[in-house]
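Analysis of the macromolecular model
So you can see what is in the structure, the chains are spelled out below.
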Amino acid sequence: MFLSDSPIINCFKFLQNCHIRYPDIKHIADTLTGPAISKFTLTTMASFTPTSWADGPFPLIPTPFGGRDVSNEHGSHLLAQQMSLLHNCILRVLNAIYNQAPHVKSKKDVKAFLQLAKLWHDELVQHHQVEEQFFFPKIEEITGVMNFMAQSVDQHQSFATGVAALFNYSIMTSINDYRATDLQNIIHSFGENLQTHLHDEIHALLSLEKYNSTALCKAWEDTHQYVLKTCDNKVQLPMLLGSMDRTYGLTPSSNGVAPTLEISWYMYYLVEYWFSRKYKASWKFLPCNTWGMPRDLPAMAMKEEEKEGSEKGSLRRFMVVRKKDSLVSEV
């Protein structure tokens, strides 16, 4: 199903055109699906450390320009910031898979966990195909430089064998034969090259500052629309939203709002209540909920009770105000 042609999405767009806003949509969601997430959601993360959650072992990309709003700046700034957010989603899911691998025990969970590894592979391959077949040619047309993004294309090949090995392991390994060390060794075989590539590509996009800003923004928007029309809504969208940490990049220059990918407000509801259903068992291993708020990795969660008068220690609490198009984190 093409996203732009979905009757469900057209319905939400109709409601949007009628100026129906968040409270009304929430009421509709309550009516159709039962209690929805409340306006204020408290998320608690137990035993949080960057390497035991999804910020490592493969480091994330620092948000370009300190997380400030770059929508009115040069197009290269927008491309670099938005691409860094996409790349960090890829890294978070890979980190979450790596870190949870030793803790997945039940047969049901192993099956869903291996499915997540396969879906991550599918997302990465689709991401790079879109770049090579659609986005990079547009960049070359704007710059007038043939093979302007050749380094990125070459880097895609540097980890292709390892990524293919992960795919094969995810679909060929029986539940009884699953070994965390095998999975982690495969990830180690390509993880560093992948991480280097995802970081380097941001620098390549920043180097576009001397080229036409309007053309760059149009190339990004055209690519965005192409992805929406060709992606698998039941795979790419739940994985994207479930790994887009909306507390990452909160800085004084971001005015208390972390930069996020440009996603329509109604898409969160479609993913939460419709698109995520097919692979729901796998999505539970993602590091964030649909609204982009960090949560415990279920295979690693440890219960901690905060004693009165004690320090918060490793606990991170987030109070989230959810509005039509954005989340504001109050720590």
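Let me begin by describing the structure that accompanies this report. Just so it is clear, the structure is predicted and the values come from calculations on it, not from any experiment. (Residues numbered from 1 in each chain as written. Predicted model: local features only at pLDDT ≥ 70, side-chain atom pairs only at ≥ 80, totals over all residues. Heavy atoms only, no water.)

1. What to know about the pattern of salt bridges
Condition: A carboxyl oxygen of Asp or Glu within 4 Å of a side-chain nitrogen of Lys or Arg is what we treat as a salt bridge. The way it works is that DSSP assigns letters per residue, a run of H or I at least four long becomes a helix, a run of E at least two long becomes a strand, and they are numbered from the N terminus.
Counting across every chain of the model gives five salt bridges. With a closest N to O distance of 2.7 Å, Glu73 and Arg68 form a salt bridge. Across the pair Asp109 and Lys284 runs a salt bridge whose closest N-O atoms are separated by 2.8 Å. Separated by 175 residues along the polypeptide, Asp109 in helix α4 (residues 107–143) and Lys284 in the loop between α11 (280–283) and β2 (316–322) bring together distant segments of the chain.

2. Thoughts on the packing of aromatic side chains
Worth spelling out the cut-off: Between rings of Phe, Tyr and Trp, where Trp is taken as its six-membered ring, a pair exists when centres lie within 6.5 Å; planes separated by under 30 degrees are stacked, by over 60 edge-to-face, and by other angles tilted. The buried label goes to any residue with under 20% of its type's maximum accessible area, the exposed label to any with over 50%, and the partly exposed label to all in between, with areas taken from a 1.4 Å probe on protein chains only. Throughout this description, the term charge over a ring refers to an Arg CZ or Lys NZ atom that lies within 6 Å of the ring centre and within 35 degrees of the ring normal.
Here the structure, examined in full by the defined rule, presents 12 aromatic pairs. The interplanar angle of 75° and the centroid separation of 6.4 Å between the aromatic rings of Phe58 and Tyr98 together place this pair among those described as edge-to-face. One end of the pair, Phe58, is in the loop between β1 (40–45) and α3 (75–100); the other, Tyr98, is in helix α3, and 40 residues separate them in sequence. For Phe58, a relative accessible area of 6% puts it in the buried group. Between the aromatic rings of Trp265 and Tyr266, the centroid separation amounts to 5.9 Å while the plane-to-plane angle is 80°, which identifies the pairing as edge-to-face. Since its relative accessible area comes to 2%, Trp265 is described here as buried. In textbook terms, an aromatic cluster arises when at least three aromatic residues are bridged by ring pairs, as seen for Phe113, Tyr178 and Phe285. Across from the ring centre of Tyr248, 5.1 Å away, lies the NZ or CZ of Arg92, which sits over that ring.

3. What to know about the side chain of Arg92
Inclusion rule: The charge count treats Lys and Arg as positive and Asp and Glu as negative. His and the chain ends do not count.
Structurally, the position occupied by Arg92 is in helix α3. No salt bridge is formed by the buried Arg92, whose closest oppositely charged neighbour, Asp55, lies at an N-O distance of 4.4 Å.

4. Some details on the side chain of His121
For His121, the position within the fold is in helix α4. Judged by relative accessible area, His121 falls into the buried class, the value being 12%.

5. Remarks on the packing of helix α6 (residues 160–172) against helix α7 (residues 180–206)
Operational definition: Where helices are involved, their axes are fitted lines through C-alpha atoms of the stretch in contact, as for all axes, and angles between N-to-C directions lie from 0 to 180°. Roughly parallel means an angle under 35 degrees; roughly antiparallel, over 145; roughly perpendicular, 65 to 115; everything else is oblique. Two helices cross in a left-handed way if the nearer one is turned anticlockwise from the farther one by less than a right angle. They cross in a right-handed way if the turn is clockwise. Here, residues are in contact when the closest pair of their heavy atoms is within 4.5 Å. Classes in brief: Ala, Val, Leu, Ile, Met, Phe, Trp, Tyr, Cys and Pro nonpolar; Asp, Glu, Lys and Arg charged; the others, Gly included, polar.
It is the contact of α6 with α7, at a shortest axis distance of 8 Å, that shows an interaxial angle of 160°. Between α6 and α7, the crossing angle belongs to the class labelled roughly antiparallel. For the crossing formed where α6 meets α7, the hand is left-handed. Contacts from Gly162, Val163, Ala165, Leu166 and Tyr169 in α6 reach Asp182, Leu183, Ile186, Ile187, Ser189 and Phe190 in α7. Tallied by class, residues from the contact of α6 with α7 come to eight nonpolar, two polar and one charged.

6. Looking at the state of the cysteines
So the rule is basically this: Cysteine sulfurs are considered disulfide-paired once they come within 2.5 Å of each other.
Scanning the entire structure with this criterion turns up zero disulfides. Lacking any disulfide linkage, Cys89 is separated from the closest cysteine sulfur, that of Cys288, by 7.9 Å.

7. Describing α6
Put simply, the rule is: What a helix is expected to span follows from its residue count: subtract one and scale by 1.5 Å. Within this analysis, the arc is defined by the directions that extend from the helix axis to the C-beta atoms.
Taking 1.5 Å per residue as the helical rise, α6 with its 13 residues ought to reach 18 Å, and the 18 Å between its terminal C-alpha atoms agrees with that figure. Burial in α6 covers these residues: Gly162, Val163, Leu166, Tyr169 and Ser170. All buried residues of α6 fall inside an arc of 120° around its axis, so they share one side. Exposed positions of α6 whose direction lies more than 90 degrees from the buried face are Thr161 and Met172. Buried residues along α6 sit against α4 and α7.

8. Overview of the packing of helix α5 (residues 150–158) against α7
With their axes 9 Å apart at the nearest point, α5 and α7 run at an angle of 165° to one another. Classified by the interaxial angle, the pair formed by α5 and α7 is roughly antiparallel. The hand of the α5/α7 crossing is left-handed. Contact with α5, carried on its side by Gln151, Ser152, Gln155, His156 and Ser158, involves Asn193, Thr196, His197, Asp200 and Glu201 of α7 and no other residues of that element. Its residues assigned to classes, the contact of α5 with α7 shows no nonpolar, eight polar and two charged.

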